[in-house]
Structures are given as structure tokens and as C-alpha cells.
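Chain by chain, the residues:
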Amino acid sequence: MKRILLLGAAVITPFATAFAQSSEDPLLAEARKVATTLPPKLIVALQDEIKKSGPEGAIPVCKDMAPKMAGEISQQTGWKIKRVSLKARNDARAIPDAWEKAALEDFDRRAAAGEPPAQLEKGEKIGNEYRFVKALPVQPLCLSCHGPSDQLSPAIKAALGQNYPNDRATGYSEGQIRGVISVRKAL
Ligand code: HEC
């Protein structure tokens, strides 16, 4: 009898899993899609520009192109898009609100406990809004501008110092969470 029950569970489990996936909140799926549009494009643009004109020449990619691309995706999708961090470089754009801050702290704890940072995300309906954040892990590519300050080139240090007198976004190592991409939409 016990055996039959176990067998039954083994048969049912894959169906239950498939059902859970197909019944996933469509808003979560939509938010995730919006949030994952920007980072790969940005990484390609950063790689291209670093190859052409070095890391200091690529600063405008993170400074001007990222918000411009976020604005375009917002217009196409109706979702507001930001990048925020517990250690912001750009105070005017990147300071998290209370909900984002709690998610960032939770992601840091979970990454430190061994969860793969690229998978950390959170979606929630709050009042008449849907909100979603997804972690942006530090990759080797990021280190020339977000790594330990003794490893930044003098040109990068000078450019960052000039543009961001309150820069807190250095000292990272690979695999840490640089920040999140944060998207929200009124329902
Ligand atoms: C060429 C230098 C450079 C590289 C390489 C770079 N960044 Fe940045 N990053 C910047 C600059 C400059 C800003 C400030 C942008 C602004 O003014 O909004 C920034 C801002 C950010 C922000 C917004 C939050 C904040 O602190 O202002 C995130 C998140 C971020 N970077 C993540 C990354 C990740 C992840 C990588 C690697 C995939 C990366 N960056 C690579 C220069 C760089």
C-alpha cells in the first residue's frame, strides 16, 4: 500500500509542477520580461564601447544610454523602470525606496547564503500597483568601474570623481549584487 502511494506521488508531482508553472501570475511573467530586456543590451553596449575606447570611454553607456534605453522600454511597455542600489553611484536616480531596500537586503543575505544571484527576484502586488525587482550580479566586465578602488584605472577614478562626488559603487567583487532593476506598473 505504502509503495502504491509513493508511486502515485511520483506520477503526480511532475503534473503539479507543470501546473504551478502554467498558472504563474501573468503579471509576474510580464514584469520579468520587461526587467530582463535592458541588462543584456546594456552589457553588449558596454563590451563594444570598452573595446573601442576603454572603460572610461564607456562611462556614458551606464550614465546616459542606460536611462535612455529604460525610457524607451517604458514607453513601449507602460512599465516604469529604474536601477537602484544599496550603494548608489548616482544619488539622483538610484536611491531605493523602502520596498526596494528590503528586497536588496534580502537578496544580499540570500546570495551570501549561497543562492545564485542571477536568480534572485521578487514580484508583489501592492495596492493598485505591481512591483518587481531582479538582482544585477557583478560580472568581470563590471569590475573596471565598480571593482575595488585600488584596481580602478586613474582615468576611471578621475571620471567617476568628477561626475559622482558621492560615489559609493566601488569595492565590489564578482558575484555580489550591484543593485536591482526595478519595474512597476499601475493596475
Ligand atoms: C564603463 C564603466 C562602467 C561599467 C563597465 C559598468 N558600470 Fe554600472 N555604472 C557606471 C556609471 C557611470 C553609473 C552611474 C549611472 C548614472 O549616472 O545613472 C553606473 C550605475 C550603475 C547602476 C545604477 C545604480 C547606481 O549605483 O547608480 C547599476 C545597477 C550598475 N551600474 C550596474 C552595473 C553592472 C551590473 C555592470 C556590469 C555588467 C556595470 N554596472 C558596469 C559605470 C559602469
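Preceding block: the structure.
Cut-offs applied
- Residues numbered from 1 in each chain as written.
- Predicted model: local features only at pLDDT ≥ 70, side-chain atom pairs only at ≥ 80, totals over all residues.
- Heavy atoms only, no water.
- Donors = N, O, S within 2.8 Å, 3.2 Å for Na, K, Ca; no water.
- Tetrahedral: all angles 85-135°; square planar, octahedral: opposite > 155°, others 65-115°.
- Helix = DSSP H or I, 4+ residues; strand = E, 2+ residues; numbered from the N terminus.
- Buried < 20%, exposed > 50% of the residue type's maximum accessible area, 1.4 Å probe, protein only.
- Salt bridge = Lys/Arg side-chain N within 4 Å of Asp/Glu carboxyl O.
- Near = heavy atom within 4 Å.
- Polar contact = N/O pair within 3.5 Å; in protein donor to acceptor, adjacent residues only side chain to side chain.
- Pairing = 2+ DSSP bridges.
- Axes fitted to C-alpha atoms, helices over the stretch in contact; angles between N-to-C directions.
- Contact = heavy atoms within 4.5 Å.
- Core = buried A, V, L, I, M, F, W, Y, C linked by side-chain atoms within 4.5 Å.
- Expected span 1.5 Å × (residues − 1).
- Bend = angle between axes of the 7 residues up to and from the residue.

Can you break down the coordination of the iron atom of the ligand residue by residue, with the values?
Every protein donor of the iron atom of the ligand is listed here as Cys-62 (SG) and His-146 (NE2), and their distances to the metal cover 2.2 to 2.8 Å. In this structure, the iron atom of the ligand is coordinated by six donor atoms arranged in octahedral fashion, with angles at the metal of 78 to 179°. In this pair, Cys-62 sits in helix α4 (residues 59-77) while His-146 sits in helix α7 (residues 143-146), placing the two residues 84 residues apart along the sequence. By relative accessible area, which is 27% here, Cys-62 ends up partly exposed. A relative accessible area of 9% means that His-146 is categorised as buried.

Summarise the pattern of salt bridges; cite the residues concerned and give the values.
Applying the stated criterion across every chain, the model contains 17 salt bridges. Note that Lys-63 is salt-bridged to Asp-64, the shortest N-O span being 3.9 Å. For Lys-63, a relative accessible area of 26% corresponds to the partly exposed category. Classification of Asp-64 as partly exposed rests on a relative accessible area of 40%.

Can you tell me about the site of the ligand, naming the residues and giving the values?
The immediate surroundings of the ligand are formed by 24 residues, with Arg-93, Cys-142, Cys-145, His-146 and Tyr-164 found nearest. Arg-89 is positioned such that a nitrogen or oxygen atom in its backbone is 2.7 Å from an oxygen atom of the ligand. Every element with two or more residues in the shell around the ligand is listed here: α3 (38-57), α4, α5 (91-94), β3 (129-137) and α7. A per-element tally of the shell around the ligand places α3 first, with four residues.

If you had to explain the sheet that holds strand β2 (residues 121-126) to someone new, which residues and values would you point to?
In spatial order, the strands read β1-β4-β3-β2; together these four strands make up an open sheet with antiparallel pairing. Of all strands in the sheet, those bounded by a partner on one side alone are β1 (80-84) and β2. Each adjacent strand pair in this sheet contributes to an overall mean axis angle of 15°, direction not counted. On top of the sheet, helix α6 (residues 98-112) reaches β1, β2, β3 and β4 (177-186); it is set at about 40° to β3, its chief contact.

Just give me the short version of the nonpolar core, but keep the residues and values in it.
Among the nonpolar cores identified, the biggest contains 20 residues, and Ile-81, Phe-132 and Val-183 are the most heavily contacted of them. For this core, the elements supplying multiple residues, two or more each, are α2 (26-35), α3, α4, β3 and β4. Looking at this core, the element that brings in the most residues is α4, giving five residues. If you look at the next biggest cluster of nonpolar residues, it comprises 10 residues, including Trp-99, Leu-104, Val-133 and Val-180.

Go over α3 with me, naming the residues and quoting the values.
Helix length check: α3 (20 residues) gives 20 Å between terminal C-alpha atoms against 28 Å at 1.5 Å per residue, more than 12% under. Lys-51 marks the point of greatest bend in α3, at about 100°, and the proline Pro-55 comes within the next four residues. Those residues of α3 that fall on the buried side of the exposure criterion are Leu-38, Pro-39, Leu-42, Ala-45, Leu-46 and Gly-54. Next to the buried residues of α3 lie α2, α4, β1, β3 and β4.

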